[in-house]
Amino acid sequence: MPSETHATETLRAEFEATILPHFDGAFRLAMWLIRDRVEAEDVVQETFSQALQSFHRFQRGSNARAWILTIMRHVRANRNRTRRRSPLDLDGEDQLQRVPAVEQTPQHVTAGEILEALAVLPAGYQEVVLLCDVEDLSYREIASVMDLPIGTVMSRLHRARRLLRTALAEYAAGQGIGRRDEDAGDNPNAQVHGESR
Amino acid sequence: MKCVEFRGMAESYQAGELPVDTNHEVIAHLDGCAACRGELEARVALRLTLRAAFEHSPTLAPDTRFVADVRSLLTGRSTSQGRFGGRTSWLAMAATLILVVAAGWALGWGPGRPLSRPGGGSAAVSALAAHAAGDHRYCALEHALDEPVISLEEAARRYNPAYASLRDVVAQSAPVREGGLEILGAHWCVFKGQAFGHVIAQRGDHVVSILVAPTSQASAAGSPPSTCQSADGLQVACFDARGHGVFVVSDLAEGDVLQLARSLAPVLQAYLAEA
Ligand SMILES: [Zn+2]
Ligand SMILES: [Zn+2]
């Protein structure tokens, strides 16, 4: 039936326009959180295939990025369950109790430094920070993607920032962030975190 | 509101999730507290740096082969058919941007070395000269800054009221009034974690950046402009204004940049002393 084909084509075109632009972002997030390229590719491919199949359920006008990231989190959780890997949220609460309060946010932090600092946070905290800062989701959207109460999202963000400030301050004390001004060719993208290919 | 209270809610303020009346209290506090304005700006800069780092990290990028495979799987078409060249452009654009940024770093752009000769700004202000040159290069010339820029009005409302009239003040300066300098645009942007109020202008064929950054260590009285960096074909003249460093960056001759800074200094120093 031509009308049905037309409808499918329209849906596909809409999918390409609204969902596919988030492919690169979703992959980067998967790559960061999973730290294994092959697994990240499998997760992302499965995520976008599922998204295409359930695209008719996507609420027009809502945040497409939040939608795709929610699907991706389900895909990751399912794969971890069937492979009996550890659950997604390694809280590391105990590690956080000992963090001294650094109230001043350091300036002139380079790309490499911020990614290094982020990498030492517990996984669940890294994810909250990335969904907020990189994916630009609201607290409510983060809560929905991660299936957490909104209060937990806020307290995690608060603690994650404190951890980041502390890590960056330690970094500055040990290696001298201010010194970076001299490194003219300093590549911000070099070695962002444990190479995992 | 006390500073410690602000620090406790800075996160929610940035996210725009505070109730209206609390939001007003925060804005009132920021109006009168340079330290908290600085902290807020540092936080915003840190977030933008993280986003840029993440979006441009080659380690995190998908393989082009993988992208093409999944695309053809999802669209039911081979990408080589070129039937929707327009639609693949987001990928091409992202790839180009990454290349531009990566190439920039490979070529050693970014902050040059500060001159050893004494500059017009205080030491704290001169230390920002390299960032100012980098911002001019990436933002004004290459349009390749990692982050979308924010309007001066928005930046004034959220981080530092001094940005509000920056463009107008430059517009009232002698070089603009006399026709020797034409304003092209103005905004707030971040280069390598340093935030600037940025007015982009043109003199002849040369692009000129006027950059303003808050620094608590700038001398209160202000200082006369002088050349504080000369590297990679860019001259940076800088001077102190109350609570801020001001930078004039261009590939014009050193004397011309300095002259421009001298003619801009009176209005900018007067304005920032009030702001
Ligand atoms: Zn304060
Ligand atoms: Zn700019």
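Rules of the game
Within every chain, residues take consecutive numbers counted from 1 along the sequence as written. For this description, chains carry letters from A and ligands carry numbers from 1, given in the order in which they are written. A pLDDT threshold of at least 70 governs which residues receive local features in this predicted model, and a stricter bar of 80 or more applies before side-chain atom pairs are shown or counted, although totals over entire chains, interfaces and linings include all residues. The side-chain values count all of the structure's non-hydrogen atoms but skip hydrogen atoms and water molecules. Numbering of helices and strands starts at the N terminus; helices are DSSP runs of H or I of at least 4 residues and strands are runs of E of at least 2. Exposure is judged per residue with a 1.4 Å probe applied to protein chains only, and the accessible area is read against the type maximum: over 50% gives exposed, under 20% gives buried, and values in between give partly exposed. Residue exposure ignores everything except the shown protein chains as possible cover, and the areas themselves are Shrake-Rupley values with a 1.4 Å probe. Contact between two residues is taken to exist if any of their heavy atoms lie within 4.5 Å; hydrogens are not considered. Each metal site lists N, O and S donors within 2.8 Å (3.2 Å for Na, K and Ca). With water left out of the atoms, a site can look as if it is missing ligands. A four-donor site is classed as tetrahedral when every donor-metal-donor angle falls between 85 and 135 degrees; four donors are called square planar, and six octahedral, when trans pairs exceed 155 degrees and all remaining angles lie between 65 and 115, with any other arrangement labelled irregular. Paired strands are those between which DSSP finds at least two bridges. Along the chain, pLDDT gives the predictor's confidence residue by residue, from 0 to 100. Here a cavity denotes grid points, spaced 1 Å and computed from the protein atoms alone, that fit a 1.4 Å probe unable to get out, and a pocket denotes an open set having protein on both sides within 12 Å along at least 5 of 7 lines; residues with an atom within 4 Å of a point are the lining. Grid points are joined across faces, edges and corners, and a volume is the space filled by probe spheres set on the points. Axis definition: a line fit to C-alpha positions, over the contact stretch in the case of helices; interaxial angles, taken between N-to-C directions, run 0 to 180 degrees. Only a pair of cysteine sulfur atoms within 2.5 Å counts as a disulfide in this structure description. For Phe, Tyr and Trp, where Trp contributes only its six-membered ring, two rings pair if their centres lie within 6.5 Å, and the inter-plane angle classes them as stacked under 30 degrees, edge-to-face over 60, or tilted in between.

Things to note about the overall build of chain A
And step 1. Within chain A, the secondary structure is distributed over 9 helices and 0 strands.
And step 2. N-terminal to C-terminal, the α/β element order of chain A is α-α-α-α-α-α-α-α-α.
And step 3. Of all 197 residues assigned to chain A, the portion counted as buried reaches 51%.
And step 4. Of the roughly 9200 Å² of accessible surface on chain A, a fraction of 50% belongs to carbon and sulfur atoms.

Regarding the overall build of chain B
And step 1. Per the secondary structure count, chain B includes 11 helices and 6 strands.
And step 2. Of all 275 residues assigned to chain B, the portion counted as buried reaches 54%.
And step 3. Considering only intrachain contacts with a sequence separation of at least 6, the fraction spanning at least 24 residues in chain B is 63%.
And step 4. When the accessible surface of chain B is summed, it comes to about 11300 Å², and 54% of that surface belongs to carbon and sulfur atoms.

Quick word on the coordination of the zinc ion (ligand 1)
Residue and element names in this part refer to chain B.
And step 1. The protein atoms donating to the zinc ion (ligand 1) are Cys3 (SG), His29 (NE2), Cys33 (SG) and Cys36 (SG), with metal-donor distances spanning 2.1 to 2.3 Å.
And step 2. Classification of the site at the zinc ion (ligand 1) rests on its 4 donor atoms, whose angles at the metal span 100 to 115 degrees, yielding the label tetrahedral.
And step 3. The motif formed by the donor residues of the zinc ion (ligand 1), counted along the single chain, is C-x25-H-x3-C-x2-C. Here Cys3 is found in helix 1 (residues 3–14), whereas its partner Cys33 is found in the loop between helix 2 (20–32) and helix 3 (34–56), with 30 residues between them in sequence.
And step 4. Since its relative accessible area comes to 10%, Cys33 is described here as buried.

Focus: the pairing of strand 2 (residues 194–203) of chain B
Residues and elements named next belong to chain B.
And step 1. Extensive coverage of strand 2 is indicated by the burial of 8 of its 10 residues.
And step 2. Count of turn residues in the strand 1 (residues 182–191)/strand 2 antiparallel hairpin: 2 residues, of which Lys192 carries a positive phi of about 45 degrees.
And step 3. Between strand 2 and strand 3 (residues 206–214), which pair antiparallel one after the other, the connecting turn spans 2 residues, and Gly204 there sits at a positive phi close to 60 degrees.

Focus on the confidence of the model for chain A
And step 1. Mean pLDDT for chain A: 80, with 77% of residues reaching 70 or above.
And step 2. With pLDDT under 50 throughout, residues 176–197 of chain A is counted as low confidence; its partners more than four residues away or in other chains account for 52 contacts.

Let's talk about empty space enclosed by the protein
To find the voids left in a structure, one rolls a probe of water-molecule size over its atoms.
And step 1. Evaluation of the coordinates by the stated rule reveals 5 cavities of 30 Å³ or more.
And step 2. The calculated volume of the second largest cavity comes to roughly 80 Å³.
And step 3. Taken together, A:Thr105, A:Arg161, A:Leu164, A:Arg165, B:Gln14, B:Arg43, B:Leu46 and B:Arg47 form the lining of the second largest cavity.
And step 4. Those elements giving two or more residues to the lining of the second largest cavity turn out to be helix 9 (150–175) of chain A together with helix 3 of chain B.

Regarding the sheet that holds strand 6 (residues 244–250) of chain B
Residue and element names in this part refer to chain B.
And step 1. Taken in spatial order, the 6 strands make up an open sheet running 1-2-3-6-5-4, and their pairing is antiparallel. Two strands in the sheet have a free side with no partner beyond their single neighbour: strand 1 and strand 4 (226–231). Strand-to-strand twist across the sheet, computed as the mean angle between neighbouring axes with direction ignored, equals 25 degrees.
And step 2. One ladder, built from 7 bridges, connects strand 3 with strand 6; its direction is antiparallel. Along strand 6, the bridge assignment pairs Ser209 with Val249.

Brief notes about the state of the cysteines
All names here are of chain B.
And step 1. Scanning the entire structure with this criterion turns up 1 disulfide over all chains.
And step 2. The partner cysteine of Cys228 in its disulfide is Cys238, sulfur to sulfur 2.3 Å. Separated by 10 residues along the polypeptide, Cys228 in strand 4 and Cys238 in strand 5 (residues 234–241) bring together distant segments of the chain. Residue Cys228 shares its accessibility class with Cys238, and that shared class is buried.

Points about the packing of aromatic side chains
And step 1. Enumeration over the complete set of coordinates arrives at 10 aromatic pairs over all chains.
And step 2. Ring geometry for A:Phe23 against B:Phe66: centres 5.8 Å apart, planes inclined by 35 degrees, an arrangement best described as tilted. Placement of A:Phe23 in helix 2 (residues 23–34) and of B:Phe66 in helix 4 (residues 64–75) is noted, with the two residues assigned to different chains.
And step 3. Given the relative accessible area of 4%, A:Phe23 is considered buried.
And step 4. Take B:Phe66: its relative accessible area is 8%, and that puts it in the buried class.
And step 5. Ring plane angle 10 degrees and centroid distance 5.7 Å describe the contact between A:Phe55 and A:Phe58, whose orientation is recorded as stacked.
And step 6. Residue A:Phe55 is classed as buried on the basis of its relative accessible area, which comes to 1%.

Describing the coordination of the zinc ion (ligand 2)
Residue and element names in this part refer to chain B.
And step 1. At 2.0 to 2.2 Å from the zinc ion (ligand 2) lie its protein donor atoms, namely Cys139 (SG), His187 (NE2), Cys189 (SG) and His198 (ND1).
And step 2. Taken together, the 4 donor atoms coordinating the zinc ion (ligand 2) and their angles of 93 to 124 degrees define a geometry best described as tetrahedral.
And step 3. All donors of the zinc ion (ligand 2) come from a single chain, and their spacing in sequence reads C-x47-H-x1-C-x8-H. Each member of the pair, His187 as well as Cys189, is classed as buried.

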